[in-house]
Amino acid sequence: MDHFIYTDGQLHAEEVPLADIARTVGTPVYVYSVATLERHYRLFTEALSPMPHLVCFAVKSNSNLAVLKLLGDLGAGMDVVSLGEYLRARAAGVPGERIVFSGVGKTRAEIRATLEGGIRQYNVESEPELEVISAIAAELGVVAPVAIRVNPDVDAKTHEKIATGKSENKFGIPISKARAVYGLAAALPGIEVVGIDVHIGSQLTDLAPFEEAYLKVAELTGQLRADGHDIRRLDLGGGLGIPYTRSNEVPPLPSDYGALIQRTLGHLGCEIEIEPGRLISGNAGVLVSETIYVKQGEGRDFLILDAAMNDLVRPSMYGAHHDIVPVVEPAPGAAAQPYDVVGPVCETGDTFAKGRPLPAMAAGDLVAFRSAGAYGAVMSSEYNSRPLVPEVLVKGDHFAVIRARPTFDEMLNRDSIPVWL
Ligand code: LLP
């Protein structure tokens, strides 16, 4: 459930008509709903309530400072994958002891800065990384809390570009090697082993792969404890999928996911960490765009929008589906016709949807891409020298710009021409 609904014939974000935001801020524009973000975060804390837990929002899905502050103030931890994300979380007021640092390629500079700034845990993905973290920690006279990310060799049955838990993926340490690597970790002076980490992929719409992975983690916990390691935290990653269409998709609910965690891992008495991104932010955001032209092609009509693949890359990058709906509610029974929905970027890949049924559209009409709050603005770029798309946050009947659209001067002034040219 989200808070983007038609009221009095107009699509609203909570109580604000999207058309008002479009008029004030211009298009394209991302719009997020406070109530939806809060609701989705709480679904997870409720689902995990029988166990000690920390819900660490995956900052990569939506890294706007206002969104991070909102979730951080509710008590969320953060899952970061770069120093930039760490600094965003800190700037949003989240303390280091609620921030976990994931990712296969943490640099020395990132490790040093986060050790100095305070960190809850590193999710370590290789032996060389363990050694570097230990050396830097020893240099600073501290001990780094570490969970090792294990790769359980489980097929997440999701898009190949976002599956991470198979042995051919670059992530984690093969679970078969885990005991040896934990042995190495325990012997290093700058490392304190605190738990196990696993993340098998994103947009999972079935609980079975989670179950398979978590059963392997339960077994490994027993083995590692028998080896003398104090396994007290289990970081189970993110990945729970969301419905991208209103019709047939029914992914499992966070409550089902919580029950699965309780059933497979609850008896171990560990603190449970999860790293959801998409389920919290995805359906809490829409991308609003204006129709520039309707062009009649051969055997098809093109709806040419002012949003493009640089603003929302998911359709061209993953073939992802986003529902596209008119901001003015179609009259009941209004005839739909198919449109190829495209942006102005000079590539055929700048196509959001083919043959998408929509009511008759005209230049100036607004549309909203649903489910665009996760991996939308964060993956946007200035390709074709199009200004980065702005972001707006809505709470009840008011809204604020939480990232302004850059001016052309700001864009141009970032470059410099060498004096010798
Ligand atoms: N934890 C780790 C270690 C991750 O790699 C990810 C996502 C998450 C948590 C959060 O997963 P979520 O709950 O959001 O599924 N750009 C792609 C998605 C990439 C996901 C990368 N890792 C997309 O637009 O579908």
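Basis of the calculations
Residues numbered from 1 in each chain as written. Predicted model: local features only at pLDDT ≥ 70, side-chain atom pairs only at ≥ 80, totals over all residues. Heavy atoms only, no water. Near = heavy atom within 4 Å. Polar contact = N/O pair within 3.5 Å; in protein donor to acceptor, adjacent residues only side chain to side chain. Areas by Shrake-Rupley, 256 points an atom, 1.4 Å probe, with all protein chains shown as cover. Nonpolar A, V, L, I, M, F, W, Y, C, P; charged D, E, K, R; others polar. Buried < 20%, exposed > 50% of the residue type's maximum accessible area, 1.4 Å probe, protein only. Helix = DSSP H or I, 4+ residues; strand = E, 2+ residues; numbered from the N terminus. Arc of directions from axis to C-beta. Contact = heavy atoms within 4.5 Å.

1. Brief notes about the site of the ligand
Consideration 1: Around the ligand sit 18 residues, and of these Ser202, Glu275, Arg314, Tyr318 and Tyr375 come closest.
Consideration 2: In this structure, an oxygen atom belonging to the ligand sits 2.6 Å away from a side-chain N or O atom of arginine 314.
Consideration 3: Here a nitrogen atom of the ligand and a side-chain polar atom of tyrosine 318 are 2.8 Å apart.
Consideration 4: For the ligand, whose unbound accessible area comes to 590 Å², protein coverage reaches 91%.
Consideration 5: By residue class, the composition of the shell around the ligand is 6 nonpolar, 6 polar and 6 charged.

2. Quick look at helix H7 (residues 178-187)
Consideration 1: For H7, every residue scored as buried is listed here: Ala178, Val181, Tyr182 and Ala185. The arc that holds every buried residue of H7, seen down its axis, measures 100°, which confines them to one face. Relative to its buried face, H7 has exposed residues pointing more than 90 degrees away, namely Ala180 and Ala187.
Consideration 2: Check the buried side of H7 and you find it contacts helix H6 (127-140), strand S9 (144-151), strand S10 (173-174), strand S11 (191-197) and helix H8 (208-226).

3. Section: unusual backbone geometry
Consideration 1: Residues threonine 27 and proline 28 are joined by a peptide bond in cis, for which omega reads -10°.
Consideration 2: Notably, aspartate 8 is not glycine yet its phi reads approximately 50°, a positive angle.
Consideration 3: With respect to the helices, strands and loops of the structure, aspartate 8 is situated in the loop between strand S1 (4-7) and strand S2 (10-13).
Consideration 4: The class for aspartate 8 is exposed, based on a relative accessible area of 78%.

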